[in-house]
Amino acid sequence: MQTLHLRAESKTIETIMGMLNQISQKGEEIEIIDNLIYNKELQMISKSLSQIEKGQTKEHNEVWSELLK
């Protein structure tokens, strides 16, 4: 799946959203991400990459053990 970032006037956005709704009703998979979600995901990815670089990650089994306590 590809990603498209779009900046446009309100009227243009409404037109594009209408087209996306039509496409999704035909069964195509479309995910809409607004600026708030995009920025939050970017922060989480950046934090995760930083933790990986610093060796601050846990093994899968260690996490499950903590969750199951």
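As a reminder, the structure under discussion sits directly above these lines.
The present account deals with the structure reproduced in this document. (Residues numbered from 1 in each chain as written. Predicted model: local features only at pLDDT ≥ 70, side-chain atom pairs only at ≥ 80, totals over all residues. Heavy atoms only, no water.)

A few words on the overall build of the protein. Helix and strand content of the protein: three helices and zero strands. Ordered by position from the N terminus, the helices and strands of the protein form the series α-α-α. Rg of the C-alpha trace for the protein: 19 Å, well past the compact-globule value of 11 Å for 69 residues, more than 25% over. Viewed in the frame of its principal axes, the protein has a C-alpha envelope of about 50 × 25 × 20 Å. (Helix = DSSP H or I, 4+ residues; strand = E, 2+ residues; numbered from the N terminus. Rg over C-alpha atoms; globule rule 2.2 N^0.38 Å.)

Right, let's get into the environment of E53. Counting through the fold element by element, E53 comes out in helix α2 (residues 35-53). Judged by relative accessible area, which is 71%, E53 ranks as exposed. In this structure the C-alpha to C-alpha distance between E53 and Q22, which are 31 residues apart in sequence, comes to 43 Å. (Buried < 20%, exposed > 50% of the residue type's maximum accessible area, 1.4 Å probe, protein only.)

Scope: geometric values only; no functional claims are made or implied.
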